[in-house]
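As a plain string of letters, each chain reads:
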Amino acid sequence: MKKLILILLCLTGFSFAADYQIPSQLVGSSPTSVSLGTNIFENEAIAVFETDILAKNKVSVSAFNVKTMNDYNTTMAAISMSFKDVILGVGVSTAGTDGIEITAEQGSDNEIISTGQTYKYINAHYKGSITYYLSELVAVGGGISYYSSQIYNTTGAGFNGSISTRFKFNERTDVVLVIENILSTTVQFDSSDEALPMQMVFASRYQFNDQLFLVGSLRNTYSNTEYKSNQLFSFGGQYSLVKHLNISASIFQEYAGINVKNNVAFGTCLMLDKLFFQYAYKVVDYEESSAQHFLAMSINL
């Protein structure tokens, strides 16, 4: 299982070379980002991984974990604090697997045997952001990201920046523009590097009525990697069943290597005063673990 995961990771990250695999873009940054296709408009601190525009909570604390392919573990945590019209946010996300078996060839027939040793593969993303509300209708923000990677005894690191802006046209319509990786930097290893291509995300949220809102986004990646398409779209909606419980669904695209996959996901959120429990579900093309479950908890004060 560990070897299979490593092969899949290499196929999606190293052999097409070139682009660093950001944890939040591999599996999503929260159940909301899965069930709605994006969490750019989310009120919790975990939104820091997709935008620099954070909500005006006095304090927001979020935690998210998902295990995919049985062994590939992704964990994210974020906190934000509001100081009048300024919101500061920080987040940490890690994704990877450990216990990967080290093998060696032995004998004249080059038999593959275990050495009894193991190693790990892990990518990490550390981000800080600042949001400034110019008014109730307009907000701007910026962020700094630090990326690190380790596979066996090879490590790499790099940093980049992002900028965001949000406009609220009326009581029903919001739009956000996010530009990620605005600097021409890479994740540097000893003898190679992985690109951090600039990405531009445009998202819109429309409040259809008191119970239903719709969200759409378009992400454009400016990369030297020859993806089947440089654009990924998402479209989702959320409906309030009762005051403290809602359901959501989305169709969205993501990269699988250089290919583009279409996905459908469903989710729900239970709101108990200032405590939020989120859940999302999607099906993937992996026979041994075709169903992926996403769980998160947030506290907003």
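One structure accompanies this document, and this report is about it. Here the residue index of a chain counts from 1 through its sequence in written order. Local features in this predicted model are restricted to residues of pLDDT 70 or higher, and side-chain atom pairs are both shown and tallied only at a pLDDT of 80 or more, whereas totals for entire chains, interfaces and linings draw on every residue. Derived side-chain values reflect all non-hydrogen atoms in the structure, with water molecules and hydrogen atoms excluded from consideration.

1. Digging into the overall build of the protein chain
Numbered from the N terminus, helices here are DSSP runs of H or I no shorter than four residues, and strands are runs of E no shorter than two. Within the protein chain one finds three helices and 16 strands. Computation of the radius of gyration draws on C-alpha atoms alone. For the globule rule, the value is 2.2 Å times the number of residues to the power 0.38. In terms of overall dimensions, the protein chain is globule-like: its C-alpha atoms have a radius of gyration of 20 Å, near the 19 Å expected for 301 residues. Each principal axis of the C-alpha atoms in the protein chain carries an extent, and together these give about 75 × 40 × 35 Å. For every residue, the accessible area (1.4 Å probe, protein chains only) is compared with the maximum for its type, and the residue is labelled buried under 20%, exposed over 50%, or partly exposed between those bounds. Burial analysis of the protein chain (301 residues in total) assigns 48% to the buried set. Carbon and sulfur atoms make up 59% of the accessible area of the protein chain, which totals about 14700 Å². Exposure was quantified through the Shrake-Rupley algorithm and a 1.4 Å probe, taking into account, for residues, occlusion by the shown protein chains and nothing else.

2. Let's talk about the pattern of salt bridges
Salt bridges are defined by distance alone: a side-chain nitrogen of Lys or Arg within 4 Å of a carboxyl oxygen of Asp or Glu. Enumeration according to the criterion identifies seven salt bridges in this entry. Of the charged contacts, one joins Arg 166 and Asp 174 as a salt bridge, the two residues approaching to 3.3 Å between their closest N and O atoms. On the basis of relative accessibility, which here comes to 4%, the residue Asp 174 falls in the buried class. Note that Lys 282 and Glu 254 form a salt bridge whose closest N and O atoms lie 3.1 Å from each other. Of this pair, Lys 282 sits in strand β15 (residues 275-283) while Glu 254 sits in strand β13 (residues 245-256), and the two are 28 residues apart along the sequence. Note on accessibility: Lys 282 and Glu 254 belong to one class, buried. Through salt bridges with shared partners, one network takes in Lys 56, Asp 85 and Glu 136.

3. Details of the nonpolar core
Counting 21 residues, the largest nonpolar core has Val 34, Ile 46, Phe 64 and Phe 294 as the members making the most contacts within it. Of all the secondary-structure elements, those providing two or more residues to this core are β1 (59-68), β2 (72-83) and β16 (291-300). For this analysis, residues touch if any pair of their heavy atoms sits within 4.5 Å. Setting aside residues up to four positions removed in sequence, Val 34 forms contacts with Val 27, Ser 250, Phe 252, Ala 265, Ala 280, Lys 282 and Phe 294. Residues Phe 41, Val 176, Ala 203 and Phe 213 belong to the second largest nonpolar core, which totals nine residues. Here, the term nonpolar core denotes a set of buried Ala, Val, Leu, Ile, Met, Phe, Trp, Tyr and Cys residues that are joined through side-chain atoms within 4.5 Å.

4. Remarks on unusual backbone geometry
A positive phi angle is found at Tyr 152, which is not glycine, with a value near 60 degrees. The topology assignment puts Tyr 152 in the loop between β5 (138-151) and β6 (154-168). Taking the relative accessible area as the measure of exposure, Tyr 152 reaches 43% and is therefore partly exposed.

5. What to know about the environment of Phe 294
You can see Phe 294 is positioned in strand β16. As for Phe 294 and Gly 142, which are separated by 152 residues in sequence, their C-alpha atoms are 28 Å apart. In this structure, Phe 294 is in contact with Val 27, Pro 31, Val 34, Phe 64, Val 66, Gln 278, Tyr 279, Ala 280 and Lys 282, ignoring residues within four places of it in sequence.

6. Description of a nonpolar patch on the surface
A grouping of Val 61, Ile 79, Met 81, Phe 83, Leu 88, Val 90, Ile 130, Ile 299 and Leu 301 is seen on the molecular surface, where their side chains present a nonpolar patch of about 740 Å² in accessible area. Among the elements of the structure, β2 and β3 (86-106) are those that each provide at least two residues to the nonpolar patch. Along the chain, the position of Ile 79 falls in strand β2. A patch consists of residues whose relative accessible area exceeds 30% and which take part in no salt bridge; residues with like charges are grouped when within 9 Å of each other, and nonpolar side chains (Val, Leu, Ile, Met, Phe, Trp, Tyr) when within 5 Å.

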